Amino acid sequence: ELYRSLVGKVEPSDVVYIYPKAAGEITDVFVKAGDMVQEGQPICKIDTKQVEAARLQMESAQQAMNDANTNLGRQQALFAAGDIASVAFEQAQTQAKNAQIAYDSAKLNYDYQVEFANVTAPISGKVETCNIEVHDNVASQVLLAVISGAGSKSITFSVPEKVVTELSVDKNGTDYQGTINEVSSMIDDSTGLFKVKASVENGDALPTGSTTKLSVISDRADNVLTIPVDAVYYSGGDAYVYTYDNGTVHYVPVEVGLYDSQKAQILSGINASDEVITTWSSELY
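Rules of the game
- Residues numbered from 1 in each chain as written.
- Predicted model: local features only at pLDDT ≥ 70, side-chain atom pairs only at ≥ 80, totals over all residues.
- Heavy atoms only, no water.
- Helix = DSSP H or I, 4+ residues; strand = E, 2+ residues; numbered from the N terminus.
- Rg over C-alpha atoms; globule rule 2.2 N^0.38 Å.
- Buried < 20%, exposed > 50% of the residue type's maximum accessible area, 1.4 Å probe, protein only.
- Contact = heavy atoms within 4.5 Å.
- Areas by Shrake-Rupley, 256 points an atom, 1.4 Å probe, with all protein chains shown as cover.
- Lys, Arg positive; Asp, Glu negative; His and termini not counted.
- Charge placed at Lys NZ, Arg CZ, Asp CG, Glu CD.
- Pairing = 2+ DSSP bridges.
- Axes fitted to C-alpha atoms, helices over the stretch in contact; angles between N-to-C directions.
- Phe/Tyr/Trp six-rings, centres within 6.5 Å; stacked < 30°, edge-to-face > 60°.

> Could you give an account of the overall build of the protein chain, naming the residues involved and the relevant values?
Secondary structure summary: the protein chain contains 2 helices and 21 strands in total. The C-alpha atoms of the protein chain give a radius of gyration of 36 Å, which is well past the 19 Å a tight globule of 285 residues would have. Within the protein chain, buried positions represent 32% of all 285 residues. The long-range share in the protein chain, meaning contacts at least 24 apart out of those at least 6 apart in sequence, stands at 71%. Accessible area of the protein chain: about 17300 Å², with a carbon and sulfur share of 48%. Averaging the positions of the 19 positive and the 38 negative side-chain charges in the protein chain gives two centres separated by 9 Å.

> So, the sheet that holds strand 20 (residues 263–268): which residues are in play, and what are the values?
Within the open sheet, the 3 strands sit side by side as 15-20-19. Their pairing is antiparallel. The open sheet has two edge strands, strand 15 (226–228) and strand 19 (255–259), and neither has a second partner. Direction aside, the axes of adjacent strands within the sheet are offset by 40 degrees on average. Pairing between strand 19 and strand 20: 3 bridges, direction antiparallel. For Val-256, the partnering residue across the bridge sits in strand 20 and is Ile-266.

> Describe the packing of aromatic side chains, naming the residues involved and giving the relevant values.
One pass over the full model with this rule turns up 7 aromatic pairs. Each ring, one from Tyr-240 and one from Tyr-242, has its centre 5.8 Å from the other, and the planes form 80 degrees; the classification is edge-to-face. Under the relative-accessibility criterion, Tyr-242 is labelled buried at 13%. Ring centres 6.5 Å apart and planes at 70 degrees place the aromatic pair Tyr-242 and Tyr-251 in the edge-to-face group. What links up through ring pairs into an aromatic cluster is the set Tyr-233, Tyr-240, Tyr-242 and Tyr-251.

Shown next, in the form of structure tokens:
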């Protein structure tokens, strides 16, 4: 296995950026940076100036719906007794139906305004940033908070060639094991490299946004013939080894594959039954 040392950036596996859905004044802030929150937990409250208006509109629509339903009940009794024409009864039915639609629309608008005014956490996790204070005026483009999901962290980095699905991460002298789960198929224009994302389990101690050193397996060969790399010699760029056979030393050209500081892969020239001399001597010929 050949490893490549790289530098990556620590990010949460899940992260959400919370923006207000309506402009207004912050009236309450319930969390601060570093707090752990649960999904649905209040983050802040915004006075959008629309909640009260929407509530009044909903109550007015509800009253109109109740009146229309009461009138429909009367018209239905009169129609059953034959005291009114069917046209009048149908008009009462239409009015009741329209009043119901108007109420449903007003209630939906009120529910939306309440939701806009009460900002909650969309996921469970840690509040990374919360740069709002009471009486701040916010608009839809103002970032209220950033929440990172609890659990695993991810590390993004760039590589010049395809990598396999294993890596080791080192941060402040502590090793973490990770798994590559996303490899871009397009070269990043700014770096000329492929962007890779890896997940790191139990990485809560890794600060979000920090840089870390990691090593990735860049090449790998399984079930191959290897010999100590120091037993391979070169002449004019061609590799060779010395083998021993019944008291005779043989000069044998070989083809070398992958190699690291200890082992070299031999593609051809010798087989597993050959005895390779690994201790060089000036008297060896």
